[in-house]
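A look at the structure
The residues making up each chain are set out below.
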Amino acid sequence: MTTACQCWRDKLTDKKATYQFEEGNATMRGLLGGKGANLAEMKRLGIPVPDGFTITTEVCNAYYEVGKVMPAGLEDEIREQIAALAKKMDKGFGDAKNPLLVSVRSGAKFSMPGMMDTILNLGLNDETVEGLAALTNDARFAYDAYRRFIMMFSDVVMDLPKSEFEKMLRAKKEAEGVTEDSKLSADALKDVVKQYKAFYKAEKGNEFPQNVYTQLFEAVLAVFRSWMNERAIIYRNREKIDHKLGTAVNVQAMCFGNMGENSGTGVAFSRDYNDGTPGLVGDFLLNAQGEDVVAGIRKVSPIDELKRIMPESYEKLNEIANKLEQHYKEMQDMEFTIQQGRLFMLQTRNGKRTATAAVKIAVDMVEEGLISKEEAVMRVQPEQLDRLLHPFIPEKSKKMAIENNCMLAKGTAASPGAACGRVVFDKNEAVRVAATKEPVIMVRVDTTPEDAAGMLVAKGILTSTGGPSSHAALVARGWGIPCVVGCDALHIDIENKKVTVGDRSFGDGDYLTIDGSTGEVMLGKIPLEDPNDLTPETKTLLGWADEAKKLKVYANADNPRDAKRARNFGAVGIGLCRTEHMFMESERLPIVQEMILIAAEAEQGHRARLAIEKELAEATGNQKAKLEQKLAEHDAKTMPAWNKYHELLGKLLEFQRGDFRGILEAMQGNWVTIRLIDPPLHEFLPKHGKLFEDVVRLKTLKAVDEKAFEAALAEIRKVRGPEVTLESLTALLARVEQMSEANPMLGLRVCRLGIVFPEIVKMQVRGIMEAACDLRKNGVDAKPKVMIPGVGTVEEMRWNRKMVTEVADKVIAETGVPVEYHVGTMVEIPRAALTAGDVATEAEFFSFGTNDLSQTTFGYSRDDAAKTFVPVYLDQHILKADPFQVLDQVGVGRLMKMAVKEGRETRGKDMEIGICGEHGGEPSSVGFCHEIGLTYVSCSPYRVPIARLAAAHAAIKEKRNGQGASVDLR
């Protein structure tokens, strides 16, 4: 079907739908697609390229605009181009004696390998195949080409299953007693062609098309259709390629690699795509066509084999590769065919490569004088660096896993890298197994802060629920632990320590392998490969990036180990040290829980005491005596709790002081931003459901069976500790119930904790300052910043700042050691951003906590959203990206801009403002932070190199877009 109106042509560039190769060049990628533009460029460079023409990407878009039919007049233009091509080749399209055969290939602006469709040997029919056989004096070659064409046309154009054709071919090889296609005789191939055509007729109800123009027009439409096939859409979504670009169609005279032992085909790279080493690498097949290499139908030979078999062709290929690399100043991925000793180039493009290779090639090309340092920085995408910093599953291991049926399920890739270890289901078991030097994979339905001890020693974390912003994911990324979340195919039975996936299961102690970069879960011990430390080339590249960027890059680190790692990766400060994670270690948690159980009573008693003291100060005579008696009675009643409270806080102070000393020392000379306690206190207590179950079970057994009661209590003590009694569990349950909140995210947490439970925060501040003063006294340049979380009003900020400075200044006075410190806030509530000018009167710095700021701005629960509506929103394009992974620059970004503007208007243009949410290591979010003038971004240690490179990209892009100048990296 063809449209009648030719108005579509008015929208075309120069009103041209087609361009001969010699009419184009490399700058026309948008119009001719990458393949068409590069074929044209190679032609212009005098490289042997079979003649042809390109139907533009604009025509593809017109095809969709006019209703997915052939635009009017396009067939005539294609006929004219085919006639011109036939004249160049001295052949005739459809000529029974001297047939012109062509390939029809897709080619979008950006490379999408394997995502769209190709047809080879088009122009063959029952007559032209005989002409080709006579012309080449090789019937076997002619019918091999014909059977290939029938299969590809049937598959690509007519949507017949390729597997059915392959089944017939296998059967023929078995009947002939051969294992390779190239060993089938001409007669055997003729029979295969008959079978193919018979199958086609049976399925479609008509004969295989014999009109060569019908073949061509249908093939062109099929390529247009392939632009919107499922795999192409998925690929574009993944690579963020615009769906409106369209694909070009390249029609090119065929050259044949299947014409005998002096012919062949292959794919070559100008440098090693795995490690970046200069020199040709690739695959080659004798007596074959390109599809054989790609499809893996036959065992390929390394490109070095070509050097031995056809040395002249190899040298010519090497010469062309060098010429193309010098011309494009990029590593090239080339497709070639050798027809009876003559080399033809069918494609060149910038080659896909590993992160290791990308970095090495960029640095090497600077040293070779091909590109500038700035260009080298821009050549490597920040996301690529992720692969340099984590263990990974090499392709050979993944292939082995598939062959051995080890693949179990796929969840959400939450924290990159791969891990292999023994399955454990709880934190205590994780700690125990890890202590024996066995690697551990912690498997949970979900995780909470209470699981921190187990998570800390785990090599990997796997959950059946949750999303990229869940607790497991956030902690795993912060600690550099590979993690897969939301793997709902897993049915996890924690009590019986068993996981079921379909008809398979695994349990405690079994080996499991997870890939946090892909979300794949594999049963067994799959071999991993460890990336080396940052390679010399990576360090060189990041050094150039540091020269170009304006943003500082800090790290989120909660312990000295992570701080040292972050510093090794180039962090120049700590933007977020979360003190609550320090409370979760096994030797501290019981103290924390005991302290929480008594905190409310002690603090309330203290507040009441202060009220009495205030009255007492103003009283006289009998009233004063009465108040003194009241105070004595009050102290007798409340001081035991107060003293116990401070005893427990004193124990925690010892731990905290050591924690802060370690991290301040590790980052000496650099600022360390320490956030005071943030989560609600009940998060440090056991979960209500399991606790309630234990209490009810013990009470029931105690009433009926003392022996069973003792056995159950012994079992519970293995998990909860040897000191547990029914009475202590009952008291704990009562406190958990008392502290429960309907909406804990908006309840008693963040800065509100400091106001309601000031002694906890005072203990933390004292720990920070005592550590800093002690280090200063010993010659270590400790530089602490105290960050108040979750401020929403200037009054909250003022109250907390006063408390912090009173304690800090008191410690400085006690020790006699001056220490510079600053007090600021984490901006994570919209009101704080909206009133930033006021808040800045008390806050010396801002740090955007974009995880919670996104949550409170959107009104989404980040943990629930990831597993309920966000996937639907993304699928329906209601959201362009998950706002907890990629910063929302429109809404959340607007609040950030307001806060930056108003904060600096109040405190001065040099006010330090940063970001410490997960977005601090996401490249596009880093770019936005550069745009709005933040001082720094802070991210997990493993994302520091990514943030450094992303910050450089942002600065270079700004220079290029704003001034048309390069950043001077000399």
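All values reported here derive from a predicted model rather than from experimental measurement.

So, how was this worked out
- Residues numbered from 1 in each chain as written.
- Predicted model: local features only at pLDDT ≥ 70, side-chain atom pairs only at ≥ 80, totals over all residues.
- Heavy atoms only, no water.
- Helix = DSSP H or I, 4+ residues; strand = E, 2+ residues; numbered from the N terminus.
- Buried < 20%, exposed > 50% of the residue type's maximum accessible area, 1.4 Å probe, protein only.
- Areas by Shrake-Rupley, 256 points an atom, 1.4 Å probe, with all protein chains shown as cover.
- Polar contact = N/O pair within 3.5 Å; in protein donor to acceptor, adjacent residues only side chain to side chain.
- Pairing = 2+ DSSP bridges.
- Axes fitted to C-alpha atoms, helices over the stretch in contact; angles between N-to-C directions.
- Contact = heavy atoms within 4.5 Å.
- Expected span 1.5 Å × (residues − 1).
- Core = buried A, V, L, I, M, F, W, Y, C linked by side-chain atoms within 4.5 Å.

Quick notes on the overall build of the protein chain
The helix and strand inventory of the protein chain stands at 36 helices and 29 strands. Taken over the C-alpha atoms alone, the protein chain extends approximately 125 × 75 × 55 Å along its principal axes. The buried share of the protein chain, taken over its 970 residues, is 56%. A total of about 41,000 Å² of accessible surface is found on the protein chain, and carbon and sulfur atoms cover 50% of it.

Digging into the environment of Tyr-942
Here Tyr-942 is to be found in the loop between strand E29 (936-939) and helix H36 (944-963). By relative accessible area, which is 13% here, Tyr-942 ends up buried. Between the C-alpha atom of Tyr-942 and that of Pro-416, which follows or precedes it by 526 residues, the distance is 9.5 Å. Within the local environment of Tyr-942, its side chain forms a polar contact with the side chain of Arg-565, the two groups lying 3.2 Å apart.

Section: the sheet that holds strand E24 (residues 671-675)
Taken together, the 8 strands give a closed barrel; going around it, the order is E22-E23-E24-E25-E26-E27-E28-E29, and neighbouring strands pair in parallel fashion. When strand polarity is set aside, the average angle formed by the axes of neighbouring strands in this sheet is 30°. The pairing of strand E25 (residues 783-788) with strand E26 (residues 822-827) spans 4 bridges and is classified as parallel. Counterpart to Lys-785 in the pairing with E26 is His-822. Packed onto the sheet, helix H27 (residues 758-777) meets E24 and E25 and runs at close to 170° relative to E25.

Observations concerning helix H25 (residues 726-739)
Helix length check: H25 (14 residues) gives 20 Å between terminal C-alpha atoms against 20 Å at 1.5 Å per residue, within 8%. Of the surrounding elements, those touching the buried residues of H25 are helix H21 (589-618), helix H23 (688-704) and helix H24 (706-720).

Some details on the nonpolar core
Among soluble globular proteins, nonpolar side chains are generally buried collectively. Judged by nonpolar contacts, the single largest core of 148 residues is most densely connected at Tyr-645, Phe-848, Met-896 and Leu-934. Broken down by element, the residue count for this core peaks at 11 residues, all from helix H22 (residues 621-666). Counting 76 residues, the second largest nonpolar core, distinct from the first, contains Met-116, Ala-188, Val-223 and Val-249.

Regarding the sheet that holds strand E14 (residues 440-444)
Across a sheet, paired strands are connected by hydrogen bonds in the backbone, their directions being either parallel or antiparallel. Read from one edge to the other, the open sheet built from 8 strands follows the order E11-E21-E20-E13-E14-E15-E16-E12, with strand pairing classed as mixed. Two strands in the sheet have a free side with no partner beyond their single neighbour: strand E11 (407-410) and strand E12 (412-415). Put simply, the sheet's adjacent strands are angled 30° from each other on average, direction ignored. Of the strand pairs in this sheet, strand E20 (residues 511-515) and strand E21 (residues 520-523) are connected by 4 bridges, and their pairing is antiparallel. The residue of E21 that forms the bridge with Asp-515 is Glu-520. Contacting E11, E20 and E21, helix H15 (residues 395-403) runs over the sheet at an angle of about 105° to E11.

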